[in-house]
Amino acid sequence: MGEKAKNEKDDKEAQFEDHEHVEVSEELPPELEALMQTEPLKGLSEAEVAERTARFGKNEISEKKTNPLLKFLSYFTGAIAYLIELAFILSGVVEDWIDFGIIGGLLVINALIGFIEESKADAALDALKNTLALKSRVFRDGRLQEIESSELVPGDIVAVRLGDIIPADARLLGISVDGSDVEVNLQVDQSALTGESLPVEKKRGDTIYSSSICKQGQMLAVVTKTGANTFIGRAANLISITNEQGHFQKIVNQIGNFLVVITLTMVVIIFIYLLLRRKNEVDHLSKTDVFDVLRDVLVLTVAAIPVGLPTVMSVTMAVGAKQLAAKQVIVKRLTAVEEMASVSVL
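Residues numbered from 1 in each chain as written. Predicted model: local features only at pLDDT ≥ 70, side-chain atom pairs only at ≥ 80, totals over all residues. Heavy atoms only, no water.

K.L.:
What's the story with the nonpolar core in this structure? I'm lost.
P.N.:
If you look at soluble globular proteins, the nonpolar side chains tend to sit buried side by side. Residues Phe 76, Ile 84, Ala 87, Ala 111, Leu 298 and Ile 305 are the most contacted members of the largest nonpolar core, which totals 17 residues. Broken down by element, this core gets its largest block of residues, 5 residues, from helix α5 (residues 79-93). (Core = buried A, V, L, I, M, F, W, Y, C linked by side-chain atoms within 4.5 Å. Buried < 20%, exposed > 50% of the residue type's maximum accessible area, 1.4 Å probe, protein only. Helix = DSSP H or I, 4+ residues; strand = E, 2+ residues; numbered from the N terminus.)

K.L.:
Sorry if this is basic, but what is going on with the pattern of salt bridges here?
P.N.:
Oppositely charged side chains are able to pair whenever their charged atoms sit close together. This model, assessed by the stated rule, comprises 4 salt bridges. Of the charged contacts, one joins Glu 148 and Lys 135 as a salt bridge, the two residues approaching to 2.9 Å between their closest N and O atoms. Placement of Glu 148 in strand β2 (residues 143-148) and of Lys 135 in strand β1 (residues 135-140) is noted, with a sequence separation of 13 residues between them. A relative accessible area of 32% means that Glu 148 is categorised as partly exposed. Given a relative accessible area of 47%, Lys 135 falls into the partly exposed group. Here Asp 206 and Lys 203 are joined by a salt bridge, their closest N and O atoms 3.8 Å apart. Lys 203 gets classed as partly exposed once you look at its relative accessible area, which sits at 45%. (Salt bridge = Lys/Arg side-chain N within 4 Å of Asp/Glu carboxyl O.)

K.L.:
What exactly am I supposed to notice about helix α9 (residues 247-281) here?
P.N.:
Think of an α-helix as 3.6 residues a turn; residues three or four steps apart then line up on the same face. For α9, built from 35 residues, the straight-helix expectation of 51 Å at 1.5 Å per residue is met to within 8% by its first-to-last C-alpha distance of 51 Å. Val 252, Asn 253, Gly 256, Leu 259, Thr 263, Val 267, Leu 274 and Leu 275 are the residues of α9 that are buried. (Expected span 1.5 Å × (residues − 1).)

K.L.:
Help me understand the sheet that holds strand β6 (residues 200-202) in this model?
P.N.:
What links the strands of a sheet is backbone hydrogen bonding, and the strands pair in either a parallel or an antiparallel sense. Reading across from one edge, β6-β5-β8 is the order of the 3 strands in this open sheet, with antiparallel pairing throughout. Two strands lie at the open edges of the sheet, namely β6 and β8 (213-216), each paired on one side alone. Across this sheet, the average inter-strand angle for adjacent strands is 45°, counted without regard to direction. Alignment of strand β5 (residues 186-189) against β6, held across 3 bridges, turns out to be antiparallel. (Pairing = 2+ DSSP bridges. Axes fitted to C-alpha atoms, helices over the stretch in contact; angles between N-to-C directions.)

K.L.:
I'm lost on the packing of α5 against helix α10 (residues 287-304) in this one. Help?
P.N.:
At a minimum axis distance of 10 Å, the contact between α5 and α10 shows a crossing angle of 150°. Taken together, α5 and α10 sit at an angle that is classed as roughly antiparallel. Crossing of α5 over α10 shows left-handed handedness. Across from Ala 87, Leu 90, Ser 91 and Val 93 in α5, the residues of α10 making contact are Phe 291, Leu 294, Leu 298, Thr 301 and Val 302. Split by residue class, the contact of α5 with α10 holds 7 nonpolar, 2 polar and no charged. (Parallel < 35°, antiparallel > 145°, perpendicular 65-115°, else oblique. Left-handed = near helix turned anticlockwise from the far one by under 90°. Contact = heavy atoms within 4.5 Å. Nonpolar A, V, L, I, M, F, W, Y, C, P; charged D, E, K, R; others polar.)

K.L.:
Help me understand the side chain of Asp 206, please; the structure alone is not making it clear to me.
P.N.:
Assignment of secondary structure puts Asp 206 in the loop between β6 and β7 (207-208). A distance of 2.9 Å separates a polar side-chain atom of Asp 206 from the backbone nitrogen of Lys 203. (Polar contact = N/O pair within 3.5 Å; in protein donor to acceptor, adjacent residues only side chain to side chain.)

K.L.:
What is the right way to look at the packing of aromatic side chains in this model?
P.N.:
The geometry of two aromatic rings is summed up by the distance between their centres and the angle between their planes. Summed over all chains, the structure comprises 5 aromatic pairs. With 5.7 Å between their ring centres and 85° between their planes, Phe 72 and Phe 115 make a pair best called edge-to-face. Note that Phe 72 is positioned in helix α4 (residues 68-73) and Phe 115 in helix α6 (residues 97-130), a separation of 43 residues in sequence. Of the residues examined, Phe 72 reaches a relative accessible area of 19% and is grouped as buried. Ring centres of Tyr 209 and Phe 231 lie 5.4 Å apart, and the angle between their planes is 55°; this geometry places the pair in the tilted category. Of this pair, Tyr 209 sits in the loop between β7 and β8 while Phe 231 sits in helix α8 (residues 231-240), and the two are 22 residues apart along the sequence. Judged by relative accessible area, which is 12%, Tyr 209 ranks as buried. (Phe/Tyr/Trp six-rings, centres within 6.5 Å; stacked < 30°, edge-to-face > 60°.)

K.L.:
Could you clarify how one ought to interpret the pairing of strand β9 (residues 219-225) in this entry?
P.N.:
In the case of a regular strand, side chains alternate between the two sheet surfaces. Counting buried residues along β9, 7 of its 7 residues qualify, which places the element largely inside the surrounding structure. Pairing of strand β3 (residues 157-160) with β9 involves 4 bridges; the strand directions are antiparallel. Of the residues in β9, the one forming a bridge with Ala 159 is Leu 220. Where strand β4 (residues 169-172) meets β9, 4 bridges bridge the pair, whose relative direction is antiparallel. Paired with Ala 170 across the strands is Val 223, a residue of β9.

K.L.:
Got a minute to help me understand the sheet that holds β4 in this structure?
P.N.:
Strand order across the open sheet formed by 6 strands is β2-β1-β3-β9-β4-β7, with antiparallel pairing between neighbours. A single partner strand is all that each edge strand has here, and the edge strands are β2 and β7.

K.L.:
How should I be thinking about the pairing of β5 in this particular structure?
P.N.:
Sheet topology places β5 next to β8; 3 bridges connect them, and they run antiparallel. The residue of β8 that forms the bridge with Asp 189 is Ile 213.

K.L.:
Is there a simple way to explain the packing of α5 against α9 in this structure?
P.N.:
Helix packing for two helices is described by the angle between their axes and how far apart those axes are. Contact geometry of α5 with α9 gives a least axis separation of 7 Å together with a crossing angle of 35°. Along its contact with α5, which presents Ala 79, Ile 80, Leu 83 and Leu 86, the element α9 presents Val 252, Asn 253, Gly 256, Asn 257, Leu 259, Val 260, Thr 263 and Leu 264. Taken together, the residues that form the contact of α5 with α9 break down as 8 nonpolar, 4 polar and no charged.

K.L.:
Explain a negative patch on the surface to me, please; I cannot follow it from the model alone.
P.N.:
Taken together, Glu 46, Glu 48, Glu 51, Asp 141 and Glu 151 make up a surface patch of like negative charges. Position of Glu 151 among the secondary structure elements: in the loop between β2 and β3. Classification of Glu 151 by relative accessible area gives partly exposed; the value is 35%. (Patch = residues over 30% accessible without salt bridge, like charges linked within 9 Å, V, L, I, M, F, W, Y side chains within 5 Å. Areas by Shrake-Rupley, 256 points an atom, 1.4 Å probe, with all protein chains shown as cover. Lys, Arg positive; Asp, Glu negative; His and termini not counted. Charge placed at Lys NZ, Arg CZ, Asp CG, Glu CD.)

What follows is the structure, given as structure tokens:
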């Protein structure tokens, strides 16, 4: 009896729950829905294509390039960076060339790490664009022809078959290229979009998404969305606009602002005090006296500034970004690594 009860207990603990894919249908605006009424085996005319291209643009993700020099110089901004730059300037003024070189080197190294790592994210965005299909088979003017995928417009009738990369978001029509009903539904690999490890079955009326891959079957589909309006286009756009400071960066800036206020206050007070004391010791302040006071102030400034903090943070987060990149994760900003690490519920 004891053995039987144990087996029943083990069976209860070993229960598995099957998870089924849930197809989410996306409602189209009425004006866009009206453009979907294309005759399947005829397709759009050249005039309709021209009109819709002018209205919706090309089927491609737009680029927003920034000047590399301005982007590099942006890494020299921030509260802590300003303090380090102040120490850098003071070192040059008092001709302390050793500190001048060390502080300058740390500034450049920190900027280079951030610039190189975040440039890799831009390269990843370009790679994301390259996953889009380059050529598509489409019905136009009653003929099945091959065109550049960038020329697709909403309402185009595309033929999807085994091995094809889906060129745009489209709705399956349930018929083949000869107009007959299909006997086998499509199997589509959309793991790059949803993380699902297995291909998903798509039937008539379902939506297939740009950059996913057809693993089985063939079917006609009407294009619903192109370019930046597709699922993958919106994802790429989210990557390109991530400029808002995260919680981690705000905390670092608060620490920097606090150090700026404290350091500048102490520097001004001690500088004035040392000048007055030196003036009492000598009748006239010389340039050498002022430089001696500046050297003393420089020691305080460098001691109060966490000169190595930005470099240590950048190196640490760069290592994390490299590990994530090995797992096919795009890190747009280095600080996003720390942000993700603090997430408890995703």
